[in-house]
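Below, each chain spelled out in residue letters.
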Amino acid sequence: QVPLVESGGGLVQAGGSLRLSCVFSGHTLSMYTMGWFRQAPGKEREFVAAIDWSGTLSSYADSVKGRFTISRDTLRNMVYLEMNTLKPEDTAVFYCAASPRGVSDRDGYDTWGQGTQVTVSS
């Protein structure tokens, strides 16, 4: 069983919004930094956002600052990515991931979900 499962992807028009969800099964969310990454066709996987163990610290890629918001619900073992003012260049498969390290460390993610497709039309 895959411990991380993403959902909420879909097709939206530019300027629209989506909220992605990720369930971390069988683990305590407060023990991990949770992150979102994305990978567009022909491109390398890139960091999008992360939230720390306490849920008080977050980090964002420059390309999404002011548009995306990461949050978590520890009681439900869920993490969310609210995406607003979506652009065609946001089109990618989005992945949820867990790391035992802090939000400033982007190399510590060792548990990954299967991904959810986000497509933004112009």
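Residues numbered from 1 in each chain as written. Predicted model: local features only at pLDDT ≥ 70, side-chain atom pairs only at ≥ 80, totals over all residues. Heavy atoms only, no water.

**Observations regarding the nonpolar core**
Ranked by size, the top nonpolar core spans 35 residues in total, and within it Met34, Trp36, Leu81, Met83 and Phe94 carry the most contacts. If you list the elements that add at least two residues to this core, you get strand S3 (18-24), strand S4 (33-39), strand S5 (46-51), strand S7 (68-73), strand S8 (78-83), strand S9 (92-99) and strand S11 (116-121). In contact with Leu81, not counting residues within four places along its chain, are Leu18, Arg19, Leu20, Trp36, Val48, Ala49, Phe68, Thr69, Ile70 and Phe94. (Core = buried A, V, L, I, M, F, W, Y, C linked by side-chain atoms within 4.5 Å. Buried < 20%, exposed > 50% of the residue type's maximum accessible area, 1.4 Å probe, protein only. Helix = DSSP H or I, 4+ residues; strand = E, 2+ residues; numbered from the N terminus. Contact = heavy atoms within 4.5 Å.)

**Focus on the pattern of salt bridges**
One pass over the full model with this rule turns up six salt bridges. For Asp90, the salt bridge identified is with Arg38, shortest N-O distance 2.9 Å. Taken together, the positions of Asp90 in the loop between S8 and S9 and Arg38 in strand S4 put the pair 52 residues apart, joining distant regions of the chain. Per residue, the accessibility class of Asp90 equals that of Arg38, and both read buried. (Salt bridge = Lys/Arg side-chain N within 4 Å of Asp/Glu carboxyl O.)

**Some points on unusual backbone geometry**
In this model, Asn77 sits at a positive phi of 55°, which is unusual for a non-glycine residue. Position of Asn77 relative to the elements: it lies in the loop between S7 and S8. In this structure, Thr85 is a non-glycine residue whose phi angle is positive, near 45°. Relative to the helices and strands, Thr85 is located in the loop between S8 and S9.

**Thoughts on the environment of Ser71**
By secondary structure assignment, the location of Ser71 is in strand S7. A C-alpha to C-alpha distance of 20 Å links Ser71 and Ala92, two positions 21 residues apart in sequence. Not counting residues within four places of it along the chain, the set of residues in contact with Ser71 comprises Ile51, Val79 and Tyr80.

**A few points about the pairing of S4**
Here S4 lies mainly inside the structure; six of its seven residues are buried. Judged from the five bridges that link them, S4 and S5 form a sheet pairing that is antiparallel. Bridging from a neighbouring strand, Gly35 pairs with Ala50 of S5. Turn length for the S4-S5 hairpin, with the two strands adjacent in sequence and antiparallel, is six residues, and the turn residue Gly42 shows positive phi of about 75°. (Pairing = 2+ DSSP bridges.)

**Some words on the sheet that holds S8**
Taken together, the four strands give an open sheet; going across it, the order is S1-S3-S8-S7, and neighbouring strands pair in antiparallel fashion. In this open sheet, the two edge strands, each paired with only one partner strand, are strand S1 (4-7) and S7. Between one strand axis and the next, the sheet turns through 15° on average, direction left out of account. Judged from the six bridges that link them, S7 and S8 form a sheet pairing that is antiparallel. (Axes fitted to C-alpha atoms, helices over the stretch in contact; angles between N-to-C directions.)

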